[in-house]
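Reading the structure
Take a look at the letters that make up each chain.
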Amino acid sequence: AGYNHIELVRPGGADACRDAGLSFSRSVRINTPADADPILAMASDEGCTFASVHLGWGMESDRQAHELIEATLFAAERRKIPAYVELHRATILQDARRTVDFIQAFPELLLTADFSHWYTGHEMVYGGFERKLAFIQPIFERVRHVHGRFADPGCIQVTVTDEQAPHVQHFLELWRQCFDAFLTTRPNGEAITFTAELLQSSCHYARTRKTEYGWEEESDRWQEALRCCKLAEIAFIDAKNPF
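Below is a summary of the structure that appears in this document. (Residues numbered from 1 in each chain as written. Predicted model: local features only at pLDDT ≥ 70, side-chain atom pairs only at ≥ 80, totals over all residues. Heavy atoms only, no water.)

1. Digging into the packing of helix α2 (residues 33–46) against helix α3 (residues 62–79)
Spelled out, the test is: In this description, a line fitted to the C-alpha atoms serves as the axis of each element, helices being fitted only across the stretch in contact, and the angle between N-to-C directions of two axes falls anywhere from 0 to 180 degrees. Comment: elements are numbered from the N terminus, with helices defined as DSSP H or I runs of at least four residues and strands as E runs of at least two. Oblique is the label for every angle not falling under 35 degrees (roughly parallel), over 145 degrees (roughly antiparallel), or within 65 to 115 degrees (roughly perpendicular). Each helix crossing is assigned a hand: it is left-handed if the near helix lies turned anticlockwise from the far helix by less than a right angle, otherwise right-handed if that turn is clockwise. The contact criterion used throughout is that any non-hydrogen atoms of two residues lie within 4.5 Å. Gly is put with the polar residues, along with every residue not named as nonpolar or charged; the nonpolar set is Ala, Val, Leu, Ile, Met, Phe, Trp, Tyr, Cys and Pro, and the charged set is Asp, Glu, Lys and Arg.
Two elements in contact, α2 and α3, have axes whose closest approach is 8 Å; the angle formed by their N-to-C orientations is 30°. Looking at the two axes, α2 sits roughly parallel to α3. Note on packing geometry: the crossing formed by α2 with α3 is right-handed. Contacts from Pro 33, Ala 36, Asp 37, Leu 40, Ala 41 and Ser 44 of α2 reach α3 at Glu 67, Leu 68, Ala 71, Thr 72, Ala 75, Ala 76, Arg 78 and Arg 79. For the contact of α2 with α3, the residue count by class is eight nonpolar, two polar and four charged.

And the structure:
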């Protein structure tokens, strides 16, 4: 299908990726500063190209959040594995204001951008999408991994039925900004990765509908992932060739 990388979530899978000639990363959760070193050591020893980190639960004070970030950055350097902290609900980066503040305090912080959490959670169209886009500009140049999923103001994962719909165009602009910032800065030895991440209804992401056979997901997530990657390629081309 054209993929060359997989993000692993459940234990195992590394050998299957290697056998298929695929590079791989892992999604991990670091809840306390003491968690950072053993978790990133495991990902490094496994051969992950990077780890995408859910950091904390979002209820931490600024001091506690700083301790989590410091421990993660230290462990990533010690274990020689990039750790990209994810924009995600129920983490310390669930909020745009705090995330911008953390970047100012830790300019070396690198990110996984899953904008669906903010697009719905912040209701980014309420109060002006362009205004909020301008506010999060410092974030774009620190993105090294993009999670591909479309959301609308009321639902965190939606099927694309119209590629010109405002929410779809908003996501293409968010991705283009990430790609453009990366291509502009061209950090030495670093890459930017796009991973389609469409999750099942059992974890409350894919929407369901009632059919004569019972409740089913409203779309084929495999086909939606391919569409997601196609649209991301368009955003990347637009970033390379803005005119």
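More follows now that the structure is in view.
2. Overview of the side chain of Thr 159
Note the cut-off: Between N or O atoms, a polar contact is any pair within 3.5 Å; within protein, one atom must be a potential hydrogen donor and the other a potential acceptor, and residues adjacent in sequence are included only when both atoms are from side chains.
In this fold, Thr 159 is placed in the loop between β6 (143–148) and α8 (166–185). Within polar-contact distance, the side chain of Thr 159 engages the side chain of Glu 218 at 3.0 Å. A distance of 3.1 Å separates a polar atom in the side chain of Thr 159 from a polar atom in the side chain of Ser 219.

3. Observations concerning the pairing of strand β4 (residues 83–86)
Our working rule: Whether a residue is buried, partly exposed or exposed follows from its accessible area with a 1.4 Å probe, protein chains only, as a fraction of its type maximum: under 20%, in between, or over 50%, in that order. Pairs of strands are assigned from DSSP output, requiring at least two bridges between the strands. Clockwise travel from the first strand over the helix to the second, with the strands pointing away from the viewer, marks a crossover as right-handed.
Alternating positions in β4 separate into two faces, Ala 83 and Val 85 on one and Tyr 84 and Glu 86 on the other, with burial throughout. The pairing of strand β3 (residues 51–55) with β4 spans three bridges and is classified as parallel. Note on β4: the bridge partner recorded for Val 53 is Val 85. For the crossover that starts at β3, traverses α3 and ends in the parallel β4, the hand is right-handed. Pairing geometry for β4 and strand β5 (residues 111–113), over two bridges, is parallel. Note on β5: the bridge partner recorded for Glu 86 is Thr 112. Taken together, β4, helix α4 (residues 96–105) and β5 constitute a β-α-β crossover, and its handedness is right-handed.

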